[in-house]
Amino acid sequence: QVQLVESGGGLVQAGGSLRLSCAASGRTFSSYAMGWFRQAPGKERELVAAINWSGYNTRYADSVKGRFTISRDNAKNTLYLQMNSLKTEDTAVYYCAANSQLAGLVVGQGYWGQGTQVTVSS
């Protein structure tokens, strides 16, 4: 089993940066694919970035490609999302997710954190 807790959200001006962290517990953490999702008010939850168990394979939504970087440190049981050049459109609640494979990183499946709010002001 995996438990996930996000942190690092907050208020930032457009063009600024934030780093989100997801602390995971569970002895099988290193075998899980991980991902970040986000959901804005009135919008559906969408995948932002994903990473396989080893960290060698990553995927990004087109809207964040080149600005966001997903990474993981299996020794620390922690997932990260470095967000640079933030835009007001990035404002949302960001969620950490885990599953056995990248294909399992979909809403309604796997394990989820409680979410952390990111607000980008103009």
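Keep in mind it's a predicted model, so treat the numbers as computed, not measured. (Residues numbered from 1 in each chain as written. Predicted model: local features only at pLDDT ≥ 70, side-chain atom pairs only at ≥ 80, totals over all residues. Heavy atoms only, no water.)

Okay, the state of the cysteines next. Applying the stated criterion to the full structure yields one disulfide. The disulfide partner of Cys22 is Cys96, and the S-S distance across this bridge is 2.1 Å. On the sign convention where negative is left-handed, the bridge of Cys22 and Cys96, at about -75° about the S-S bond, is left-handed. Pair noted here: Cys22 is in strand E3 (residues 18-25) and Cys96 is in strand E9 (residues 92-99), with a separation of 74 residues, a long-range link. Just as Cys22 is buried, Cys96 falls in that class too. (Disulfide = S-S within 2.5 Å. Helix = DSSP H or I, 4+ residues; strand = E, 2+ residues; numbered from the N terminus. Buried < 20%, exposed > 50% of the residue type's maximum accessible area, 1.4 Å probe, protein only.)

This part covers the side chain of Arg72. Relative to the helices and strands, Arg72 resides in strand E7 (residues 68-73). Here Arg72 occupies a buried position and makes no salt bridge, while the nearest side chain of opposite charge, Asp73, is found at 8.4 Å. Among the polar contacts made by the side chain of Arg72, one reaches the main-chain carbonyl oxygen of Asn52 at a distance of 2.8 Å. There is a polar contact of 2.8 Å between the side chain of Arg72 and the side chain of Asn74. In this structure Arg72 touches Phe29, Ser30, Tyr32, Ala33, Met34, Ile51, Asn52, Trp53, Gly55, Thr78 and Leu79, once residues within four positions along its chain are discounted. (Lys, Arg positive; Asp, Glu negative; His and termini not counted. Salt bridge = Lys/Arg side-chain N within 4 Å of Asp/Glu carboxyl O. Polar contact = N/O pair within 3.5 Å; in protein donor to acceptor, adjacent residues only side chain to side chain. Contact = heavy atoms within 4.5 Å.)

As enumerated under the stated definition, the model contains four salt bridges in all. Residue Lys65 is joined to Asp62 by a salt bridge in which the shortest nitrogen-to-oxygen separation is 3.3 Å. Neither residue differs from the other here; Lys65 and Asp62 are each classed as exposed. Sharing partners across several salt bridges, the network here consists of Arg38, Glu46, Arg67 and Asp90.

Applying the stated criterion across every chain, the model contains two aromatic pairs. When the centroid spacing of 6.0 Å and the interplanar angle of 70° are considered together, the rings of Tyr32 and Tyr111 count as edge-to-face. In this pair, Tyr32 is assigned in the loop between E3 and strand E4 (33-39) and Tyr111 in strand E10 (residues 111-112), connecting sequence segments 79 residues apart. Under the relative-accessibility criterion, Tyr111 is labelled partly exposed at 23%. (Phe/Tyr/Trp six-rings, centres within 6.5 Å; stacked < 30°, edge-to-face > 60°.)

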